[in-house]
Amino acid sequence: MKDGNEGKGKSTYQSPRVTAISLRPEEAVLGHCKSPSSAGPVGASCVTGGACKTQGS
Amino acid sequence: MLDETASFETSPRFDSQPSLLCVGDVVLGIDGGSSHHTDPGSKLDVFRIAEGDPDINVRIEVEESLKPWSGEPAFDSGAVWKVFHERDQLVFDFASDALGCDPYKRMQTRNFVSAQIILNGDLLPDHAWPLEYPADELLITNYLAHYGLGVEVHGCGLIDQERGGFLFLGHSGAGKSTTTRLWKSVRDPEILSDDRIILRLHEGELWMYGTPWHGEAAFASAEKAKLNRIFILQHGPDNEVTALSPARAAGELFARCFPPFHSAHGLQNTVEFLERVVSTVPCYESQFVPDNGAVEIALNFHD
(Lines give C-alpha, C1' and ligand atoms only; values in the text may rest on other atoms or scores of the structure.)
Protein backbone atom coordinates (compact mmCIF):
# COMPACT_ATOMS: atom_id res chain seq x y z
CA MET A 1 0.00 0.00 0.00
CA LYS A 2 1.41 3.33 -0.93
CA ASP A 3 2.06 5.91 1.73
CA GLY A 4 0.21 9.08 0.68
CA ASN A 5 2.90 11.19 2.30
CA GLU A 6 5.68 10.02 0.04
CA GLY A 7 7.59 12.93 -1.40
CA LYS A 8 6.13 15.45 1.02
CA GLY A 9 9.36 15.85 3.07
CA LYS A 10 8.40 14.56 6.52
CA SER A 11 10.72 15.78 9.25
CA THR A 12 12.78 13.23 11.11
CA TYR A 13 11.34 12.11 14.42
CA GLN A 14 13.36 13.21 17.43
CA SER A 15 12.71 11.45 20.68
CA PRO A 16 12.12 13.70 23.70
CA ARG A 17 15.25 14.75 25.52
CA VAL A 18 15.62 15.67 29.13
CA THR A 19 17.80 18.69 29.78
CA ALA A 20 19.04 19.23 33.31
CA ILE A 21 18.99 22.85 34.41
CA SER A 22 20.83 23.89 37.52
CA LEU A 23 18.66 25.36 40.25
CA ARG A 24 20.44 27.12 43.07
CA PRO A 25 18.16 26.89 46.11
CA GLU A 26 20.24 29.32 48.14
CA GLU A 27 19.50 31.92 45.49
CA ALA A 28 15.97 30.91 44.52
CA VAL A 29 14.60 31.08 48.06
CA LEU A 30 14.11 34.62 49.24
CA GLY A 31 15.62 35.71 52.47
CA HIS A 32 19.22 34.71 52.02
CA CYS A 33 21.66 37.50 52.59
CA LYS A 34 23.86 39.19 50.07
CA SER A 35 26.61 39.75 52.57
CA PRO A 36 27.51 38.67 56.06
CA SER A 37 26.47 42.05 57.44
CA SER A 38 23.37 42.91 55.48
CA ALA A 39 20.04 41.22 55.01
CA GLY A 40 19.01 40.81 51.44
CA PRO A 41 20.34 43.07 48.74
CA VAL A 42 23.39 44.94 49.89
CA GLY A 43 22.59 48.27 51.41
CA ALA A 44 19.31 47.41 53.12
CA SER A 45 19.20 48.38 56.75
CA CYS A 46 19.28 45.21 58.74
CA VAL A 47 17.77 44.54 62.09
CA THR A 48 18.81 40.93 62.28
CA GLY A 49 22.37 41.70 63.24
CA GLY A 50 24.01 39.96 60.35
CA ALA A 51 22.67 36.54 61.21
CA CYS A 52 21.86 35.62 57.64
CA LYS A 53 23.49 32.38 56.76
CA THR A 54 24.35 32.41 53.12
CA GLN A 55 25.14 34.72 50.33
CA GLY A 56 22.19 35.32 48.04
CA SER A 57 23.86 36.90 45.07
CA MET B 1 -3.48 32.42 67.54
CA LEU B 2 -4.79 34.28 64.52
CA ASP B 3 -6.66 37.48 65.11
CA GLU B 4 -9.96 36.42 63.63
CA THR B 5 -11.36 39.93 63.91
CA ALA B 6 -8.85 41.09 61.33
CA SER B 7 -10.91 40.17 58.29
CA PHE B 8 -9.15 42.59 56.03
CA GLU B 9 -10.80 41.47 52.85
CA THR B 10 -14.22 42.66 54.03
CA SER B 11 -13.60 45.41 56.57
CA PRO B 12 -12.88 49.02 55.63
CA ARG B 13 -9.34 49.20 54.48
CA PHE B 14 -7.84 51.98 56.50
CA ASP B 15 -8.87 54.48 59.12
CA SER B 16 -6.55 57.10 57.66
CA GLN B 17 -4.64 57.66 54.46
CA PRO B 18 -2.12 54.86 54.18
CA SER B 19 1.43 55.18 52.91
CA LEU B 20 1.61 53.96 49.36
CA LEU B 21 4.42 52.15 47.62
CA CYS B 22 4.42 50.78 44.10
CA VAL B 23 6.81 48.02 43.06
CA GLY B 24 6.33 46.14 39.83
CA ASP B 25 2.98 47.85 39.36
CA VAL B 26 1.83 46.33 42.66
CA VAL B 27 0.53 48.99 45.03
CA LEU B 28 1.01 48.45 48.73
CA GLY B 29 -1.02 50.48 51.20
CA ILE B 30 0.60 50.53 54.62
CA ASP B 31 -1.17 51.65 57.76
CA GLY B 32 -1.13 51.15 61.49
CA GLY B 33 1.57 51.23 64.11
CA SER B 34 3.36 54.52 64.60
CA SER B 35 4.36 57.11 62.02
CA HIS B 36 7.77 55.44 61.87
CA HIS B 37 6.15 52.21 60.81
CA THR B 38 4.50 53.68 57.77
CA ASP B 39 7.50 55.73 56.67
CA PRO B 40 9.80 53.59 54.54
CA GLY B 41 12.60 56.11 54.61
CA SER B 42 14.54 57.75 51.83
CA LYS B 43 15.81 54.55 50.25
CA LEU B 44 12.30 53.81 49.00
CA ASP B 45 11.47 57.37 47.94
CA VAL B 46 11.40 56.49 44.25
CA PHE B 47 8.81 53.80 44.92
CA ARG B 48 6.42 56.02 46.83
CA ILE B 49 3.27 57.18 45.12
CA ALA B 50 0.92 59.94 46.15
CA GLU B 51 -2.31 58.18 45.36
CA GLY B 52 -3.57 54.85 44.19
CA ASP B 53 -5.82 51.99 45.02
CA PRO B 54 -3.80 49.41 46.96
CA ASP B 55 -3.50 45.93 45.54
CA ILE B 56 -2.25 44.79 48.94
CA ASN B 57 -3.42 46.37 52.17
CA VAL B 58 -0.86 46.05 54.94
CA ARG B 59 -1.78 46.67 58.56
CA ILE B 60 1.01 47.11 61.09
CA GLU B 61 0.67 46.14 64.72
CA VAL B 62 3.11 45.93 67.58
CA GLU B 63 3.00 43.30 70.27
CA GLU B 64 5.01 43.31 73.46
CA SER B 65 6.38 39.93 72.53
CA LEU B 66 5.89 37.12 70.06
CA LYS B 67 6.34 33.42 70.59
CA PRO B 68 7.19 30.99 67.80
CA TRP B 69 4.23 29.70 65.86
CA SER B 70 3.39 26.17 66.93
CA GLY B 71 3.34 23.20 64.61
CA GLU B 72 5.46 22.12 61.71
CA PRO B 73 6.17 24.75 59.08
CA ALA B 74 4.85 24.22 55.60
CA PHE B 75 8.18 25.55 54.38
CA ASP B 76 11.43 26.55 56.04
CA SER B 77 13.51 28.91 53.96
CA GLY B 78 16.65 28.03 55.84
CA ALA B 79 17.14 31.75 56.26
CA VAL B 80 15.07 34.06 58.50
CA TRP B 81 11.54 32.95 57.61
CA LYS B 82 9.26 29.99 57.85
CA VAL B 83 5.67 29.73 56.71
CA PHE B 84 2.84 27.89 58.42
CA HIS B 85 -0.64 26.96 57.26
CA GLU B 86 -3.37 27.93 59.69
CA ARG B 87 -6.78 27.07 58.32
CA ASP B 88 -7.12 29.34 55.31
CA GLN B 89 -4.30 31.68 56.24
CA LEU B 90 -0.56 31.72 55.84
CA VAL B 91 1.61 32.75 58.76
CA PHE B 92 5.18 33.83 58.05
CA ASP B 93 7.46 33.93 61.09
CA PHE B 94 10.71 35.86 60.85
CA ALA B 95 13.41 34.95 63.34
CA SER B 96 17.14 35.49 63.53
CA ASP B 97 19.82 33.82 65.62
CA ALA B 98 21.11 37.27 66.41
CA LEU B 99 17.85 38.11 68.18
CA GLY B 100 17.08 34.76 69.77
CA CYS B 101 14.45 32.09 69.23
CA ASP B 102 11.37 34.29 69.26
CA PRO B 103 10.21 35.78 65.99
CA TYR B 104 11.00 39.44 65.57
CA LYS B 105 8.15 39.80 63.13
CA ARG B 106 5.14 37.87 61.90
CA MET B 107 3.16 38.31 58.71
CA GLN B 108 -0.32 36.87 58.33
CA THR B 109 -2.25 36.80 55.11
CA ARG B 110 -5.06 34.88 53.50
CA ASN B 111 -4.68 35.56 49.82
CA PHE B 112 -2.04 38.30 49.76
CA VAL B 113 -4.55 41.04 49.06
CA SER B 114 -4.21 42.02 52.69
CA ALA B 115 -1.60 41.29 55.28
CA GLN B 116 -1.12 41.91 58.94
CA ILE B 117 2.44 42.48 60.09
CA ILE B 118 3.02 42.10 63.79
CA LEU B 119 6.26 43.48 65.16
CA ASN B 120 7.83 42.09 68.29
CA GLY B 121 8.25 45.20 70.41
CA ASP B 122 10.62 43.38 72.69
CA LEU B 123 13.13 42.73 69.94
CA LEU B 124 12.77 45.52 67.42
CA PRO B 125 13.52 49.22 67.79
CA ASP B 126 10.64 51.70 67.59
CA HIS B 127 11.73 52.87 64.17
CA ALA B 128 11.93 49.42 62.61
CA TRP B 129 10.56 49.35 59.05
CA PRO B 130 7.93 46.59 59.11
CA LEU B 131 8.41 45.60 55.51
CA GLU B 132 12.17 45.28 55.72
CA TYR B 133 13.62 42.55 53.53
CA PRO B 134 12.60 39.87 53.00
CA ALA B 135 9.01 40.61 54.06
CA ASP B 136 8.40 43.13 51.29
CA GLU B 137 9.81 40.94 48.59
CA LEU B 138 7.97 37.87 49.91
CA LEU B 139 4.69 39.72 49.96
CA ILE B 140 4.96 41.07 46.44
CA THR B 141 6.36 37.93 44.80
CA ASN B 142 3.75 35.76 46.48
CA TYR B 143 1.00 38.15 45.39
CA LEU B 144 2.23 38.02 41.79
CA ALA B 145 2.47 34.23 41.86
CA HIS B 146 -0.84 33.68 43.62
CA TYR B 147 -2.72 35.58 40.94
CA GLY B 148 -0.49 34.64 38.01
CA LEU B 149 0.33 38.28 37.38
CA GLY B 150 4.08 38.15 37.06
CA VAL B 151 7.35 36.88 38.34
CA GLU B 152 10.49 38.28 39.90
CA VAL B 153 13.73 37.28 38.22
CA HIS B 154 17.36 37.34 39.14
CA GLY B 155 18.81 39.76 36.68
CA CYS B 156 19.87 43.24 35.79
CA GLY B 157 17.58 45.42 33.75
CA LEU B 158 18.49 48.62 32.01
CA ILE B 159 16.98 51.13 29.62
CA ASP B 160 19.25 52.34 26.83
CA GLN B 161 18.29 55.81 25.63
CA GLU B 162 18.35 54.74 21.99
CA ARG B 163 17.61 51.05 22.01
CA GLY B 164 15.21 50.63 24.92
CA GLY B 165 15.04 47.85 27.48
CA PHE B 166 17.60 45.10 27.99
CA LEU B 167 17.33 42.31 30.52
CA PHE B 168 20.22 40.08 31.50
CA LEU B 169 19.40 37.18 33.78
CA GLY B 170 22.02 35.39 35.77
CA HIS B 171 22.87 33.32 38.79
CA SER B 172 25.25 34.67 41.36
CA GLY B 173 28.60 35.22 39.70
CA ALA B 174 27.23 35.10 36.17
CA GLY B 175 28.12 38.72 35.58
CA LYS B 176 25.07 40.84 36.35
CA SER B 177 26.95 43.51 38.27
CA THR B 178 29.78 43.41 35.72
CA THR B 179 27.28 43.82 32.91
CA THR B 180 25.65 46.70 34.75
CA ARG B 181 28.95 48.48 35.24
CA LEU B 182 30.03 47.88 31.63
CA TRP B 183 26.83 49.34 30.26
CA LYS B 184 27.00 52.24 32.68
CA SER B 185 30.48 53.14 31.48
CA VAL B 186 29.74 52.74 27.77
CA ARG B 187 26.11 53.87 27.34
CA ASP B 188 25.02 55.37 30.67
CA PRO B 189 21.58 53.75 30.59
CA GLU B 190 19.02 53.97 33.33
CA ILE B 191 19.54 50.93 35.52
CA LEU B 192 16.29 49.51 36.85
CA SER B 193 18.12 47.10 39.09
CA ASP B 194 21.40 45.27 39.13
CA ASP B 195 19.86 42.23 40.78
CA ARG B 196 16.06 41.91 40.90
CA ILE B 197 13.57 42.63 38.13
CA ILE B 198 9.83 42.02 38.02
CA LEU B 199 8.33 40.79 34.76
CA ARG B 200 4.72 41.34 33.83
CA LEU B 201 2.68 40.95 30.68
CA HIS B 202 0.43 43.71 29.44
CA GLU B 203 -1.68 43.41 26.31
CA GLY B 204 0.58 40.76 24.85
CA GLU B 205 3.78 42.67 25.59
CA LEU B 206 6.47 41.82 28.13
CA TRP B 207 7.45 44.57 30.53
CA MET B 208 10.17 44.71 33.15
CA TYR B 209 10.07 46.77 36.31
CA GLY B 210 12.79 47.96 38.60
CA THR B 211 12.72 46.96 42.24
CA PRO B 212 14.23 48.26 45.47
CA TRP B 213 16.09 44.98 46.07
CA HIS B 214 19.36 45.86 44.45
CA GLY B 215 22.68 44.08 44.41
CA GLU B 216 26.18 45.19 45.18
CA ALA B 217 26.15 47.87 42.51
CA ALA B 218 23.18 49.41 44.35
CA PHE B 219 20.99 50.39 41.42
CA ALA B 220 17.25 50.68 42.01
CA SER B 221 14.66 52.47 39.92
CA ALA B 222 10.88 52.47 39.86
CA GLU B 223 10.84 52.79 36.08
CA LYS B 224 9.72 50.16 33.63
CA ALA B 225 10.49 49.20 30.04
CA LYS B 226 9.13 46.96 27.32
CA LEU B 227 11.25 43.97 26.43
CA ASN B 228 11.75 42.45 23.02
CA ARG B 229 14.08 39.67 24.14
CA ILE B 230 15.81 38.24 27.20
CA PHE B 231 19.50 37.43 27.53
CA ILE B 232 20.70 34.79 29.95
CA LEU B 233 24.26 35.39 31.04
CA GLN B 234 26.90 32.70 30.99
CA HIS B 235 30.65 33.02 31.23
CA GLY B 236 32.42 32.12 28.03
CA PRO B 237 35.65 32.50 26.10
CA ASP B 238 34.07 34.87 23.61
CA ASN B 239 31.07 37.11 23.13
CA GLU B 240 28.45 34.83 21.63
CA VAL B 241 24.67 34.75 21.59
CA THR B 242 22.77 31.50 21.09
CA ALA B 243 19.02 31.15 20.67
CA LEU B 244 17.22 28.98 23.21
CA SER B 245 14.18 26.87 22.46
CA PRO B 246 11.08 28.04 24.35
CA ALA B 247 11.14 24.91 26.48
CA ARG B 248 14.78 25.38 27.40
CA ALA B 249 14.24 29.08 27.97
CA ALA B 250 11.35 28.44 30.33
CA GLY B 251 13.53 26.14 32.39
CA GLU B 252 16.40 28.61 32.49
CA LEU B 253 14.05 31.40 33.53
CA PHE B 254 12.54 29.23 36.24
CA ALA B 255 16.01 28.56 37.61
CA ARG B 256 16.56 32.30 37.84
CA CYS B 257 13.32 33.38 39.45
CA PHE B 258 11.95 33.33 42.99
CA PRO B 259 8.89 31.07 42.98
CA PRO B 260 6.86 30.35 46.12
CA PHE B 261 8.10 26.84 46.84
CA HIS B 262 5.59 26.49 49.68
CA SER B 263 2.62 26.82 47.32
CA ALA B 264 1.71 24.36 44.59
CA HIS B 265 -0.75 26.90 43.25
CA GLY B 266 1.89 29.62 43.14
CA LEU B 267 4.42 27.32 41.52
CA GLN B 268 1.95 26.31 38.82
CA ASN B 269 1.09 29.93 38.13
CA THR B 270 4.78 30.79 37.95
CA VAL B 271 5.49 28.07 35.41
CA GLU B 272 2.47 29.07 33.35
CA PHE B 273 3.53 32.71 33.44
CA LEU B 274 7.02 31.81 32.28
CA GLU B 275 5.48 29.78 29.47
CA ARG B 276 3.68 32.91 28.36
CA VAL B 277 6.90 34.92 28.63
CA VAL B 278 8.88 32.62 26.37
CA SER B 279 5.98 32.58 23.92
CA THR B 280 6.06 36.38 23.83
CA VAL B 281 9.78 37.12 23.43
CA PRO B 282 12.78 35.08 22.29
CA CYS B 283 15.41 34.16 24.85
CA TYR B 284 19.12 33.81 24.25
CA GLU B 285 22.07 32.41 26.08
CA SER B 286 24.64 35.18 26.13
CA GLN B 287 28.22 34.16 26.69
CA PHE B 288 30.29 37.23 27.26
CA VAL B 289 33.75 38.53 27.85
CA PRO B 290 33.75 41.43 30.32
CA ASP B 291 34.69 44.12 27.85
CA ASN B 292 32.89 46.68 25.70
CA GLY B 293 32.37 44.06 23.03
CA ALA B 294 29.68 42.48 25.18
CA VAL B 295 27.71 45.72 25.09
CA GLU B 296 28.07 46.05 21.33
CA ILE B 297 26.90 42.48 20.76
CA ALA B 298 23.69 43.11 22.66
CA LEU B 299 23.11 46.56 21.18
CA ASN B 300 23.48 45.35 17.62
CA PHE B 301 21.73 42.04 18.06
CA HIS B 302 18.74 41.21 15.88
CA ASP B 303 16.42 38.23 16.21
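Calculation rules
Residues numbered from 1 in each chain as written. Chains lettered and ligands numbered in written order. Predicted model: local features only at pLDDT ≥ 70, side-chain atom pairs only at ≥ 80, totals over all residues. Helix = DSSP H or I, 4+ residues; strand = E, 2+ residues; numbered from the N terminus. Buried ≥ 20, exposed ≤ 12 C-beta atoms within 10 Å, placed from the backbone. Pairing = 2+ DSSP bridges. Contact = placed C-beta atoms within 7 Å. Axes fitted to C-alpha atoms, helices over the stretch in contact; angles between N-to-C directions. Domains from an automatic or database assignment. Nonpolar A, V, L, I, M, F, W, Y, C, P; charged D, E, K, R; others polar.

## Comments concerning the overall build of chain A
Phase 1: A count of helical and extended segments in chain A gives one helix and zero strands.
Phase 2: Taking all 57 residues of chain A together, 28% fall into the buried category.

## Describing the sheet that holds strand E4 (residues 75-76) of chain B
Residues and elements named next belong to chain B.
Phase 1: Spatially, eight strands are ordered E1-E2-E3-E8-E7-E6-E5-E4 in an open sheet, and the strand pairing comes out mixed. Looking at strand neighbours, the two that pair on one side only are strand E1 (19-23) and E4, the edges of this open sheet.
Phase 2: In this structure, strand E3 (residues 56-63) lies alongside strand E8 (residues 114-120), joined through seven bridges in parallel fashion. Counted as the bridge partner of Asn57 is Ser114 from E8.
Phase 3: Each of E1, strand E2 (26-32), E3, strand E5 (81-86), strand E6 (89-94), strand E7 (105-109) and E8 is contacted by helix H1 (residues 135-146), which is oriented at about 130° to E2, the strand it contacts most.

## A word on the domain arrangement of chain B
All names here are of chain B.
Phase 1: Along its sequence, chain B is organised into domain 1 (19-146) and domain 2 (150-299).
Phase 2: Just the C-alpha atoms count here: the centres of domain 1 and domain 2 sit 27 Å apart.
Phase 3: Across the boundary between the two partners, domain 1 contributes 17 residues, which contact 20 residues of domain 2.
Phase 4: At the level of secondary structure, the elements contributing two or more residues to the side of domain 1 that touches domain 2 comprise E1 and H1.
Phase 5: Ranked by the residues each element gives to the side of domain 1 that touches domain 2, the list is headed by H1, at six residues.
Phase 6: Tallied by class, the residues present in the side of domain 1 that touches domain 2 amount to eleven nonpolar, four polar and two charged.

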